[in-house]
Every structure is written in C-alpha cells, then in structure tokens.
Amino acid sequence: PELFENKGGDTDKPLTGEQVYCRMIALGKRAGLRHNAHPHRFRVTFALYLLWLGVPESMVARMLGDTLETVTNHYLPFSPDLQSRYLALMDADVA
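Residues numbered from 1 in each chain as written. Predicted model: local features only at pLDDT ≥ 70, side-chain atom pairs only at ≥ 80, totals over all residues. Heavy atoms only, no water.

Chemist: Please explain the nonpolar core as it appears in this structure.
Modeler: Across soluble globular proteins, nonpolar side chains show a tendency to be buried alongside one another. Core analysis: the biggest nonpolar cluster contains twelve residues, these being Val-44, Ala-47, Leu-48, Leu-50, Leu-51, Val-60, Ala-61, Leu-64, Val-71, Tyr-75, Leu-76 and Leu-82. Contributions of two or more residues to this core are made by helix 2 (39-53), helix 3 (57-64) and helix 4 (68-75). For this core, the element with the most residues is helix 2, which contributes five residues. In this structure Val-44 touches His-74, Tyr-75 and Phe-78, once residues within four positions along its chain are discounted. (Core = buried A, V, L, I, M, F, W, Y, C linked by side-chain atoms within 4.5 Å. Buried < 20%, exposed > 50% of the residue type's maximum accessible area, 1.4 Å probe, protein only. Helix = DSSP H or I, 4+ residues; strand = E, 2+ residues; numbered from the N terminus. Contact = heavy atoms within 4.5 Å.)

Here it is in structure tokens:
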C-alpha cells in the first residue's frame, strides 16, 4: 500500500512515475537492500523468474513489451543456468 497509495493533497490524481520511483527507492533503503530498488530491477527479476519457470522467451517478450532479441540478449546472460538451458533447447530444435 505504501508504494501506490496516494497520500498527497490531491487523491483523485494517479501517482506520477517520479513519485513511484522515489517511493521504491525509499522503501528499498528502509528494507536494507544493498542496491536501489528502482523499477527496472523488478522488471529484470520478473523476466528472470518467468524464464526460470520455463515460460517461453516469446511469451516473456510479449509480457514485457520487448522483442525476443531483447529477452535473449539482455535477460538470459544474467543467469548462466538459464543461458545453458536456452542453448540446449536451441540445439535440440536444430537437430
């Protein structure tokens, strides 16, 4: 609730992107995170989690509004395990 609740004077207006960003940073610091809790970090975590679960790269790309190339080139290198699983699947498709 602290992230998305509008406690300002004008509660009829949605939060701005800057307000959400600032709140995420503040909540991350309060939680003792070593790195900033910026929105993109959660996007990467979400993408990696989906890939780890075995969700097809094309579906992850569609959910993130990215291209398949972006998912395979940007998110898979974060995890050697995912990268090796992806390469094994690609090899199986070729054979």
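Next comes the rest of the account.
Chemist: Explain the pattern of salt bridges to me, please; I cannot follow it from the model alone.
Modeler: Oppositely charged side chains are able to pair whenever their charged atoms sit close together. With the rule as written, the count across this model stands at one salt bridge. Here Asp-66 ties to Arg-43 by a salt bridge, and the two come within 2.9 Å at their closest N and O atoms. A residue pair is termed long-range when its members are at least 10 positions apart, and Asp-66 in the loop between helix 3 and helix 4 and Arg-43 in helix 2 qualify at 23 residues. Judged by relative accessible area, which is 23%, Asp-66 ranks as partly exposed. Arg-43 gets classed as partly exposed once you look at its relative accessible area, which sits at 27%. (Salt bridge = Lys/Arg side-chain N within 4 Å of Asp/Glu carboxyl O.)

Chemist: I keep staring at the packing of helix 3 against helix 4 and nothing clicks. Help me out?
Modeler: To describe two helices that pack against each other, one gives the angle between their axes and the distance between the axes. Orientation of helix 3 relative to helix 4, taken along the N-to-C sense of each, is 100 degrees, at an axis distance of 8 Å. The pairing of helix 3 with helix 4 is recorded here as roughly perpendicular in orientation. On helix 4, the residues that touch Glu-57, Ser-58, Val-60, Ala-61 and Leu-64 of helix 3 are Leu-68, Val-71, Thr-72 and Tyr-75. Residues of the contact of helix 3 with helix 4, tallied by class, amount to six nonpolar, two polar and one charged. (Axes fitted to C-alpha atoms, helices over the stretch in contact; angles between N-to-C directions. Parallel < 35°, antiparallel > 145°, perpendicular 65-115°, else oblique. Nonpolar A, V, L, I, M, F, W, Y, C, P; charged D, E, K, R; others polar.)

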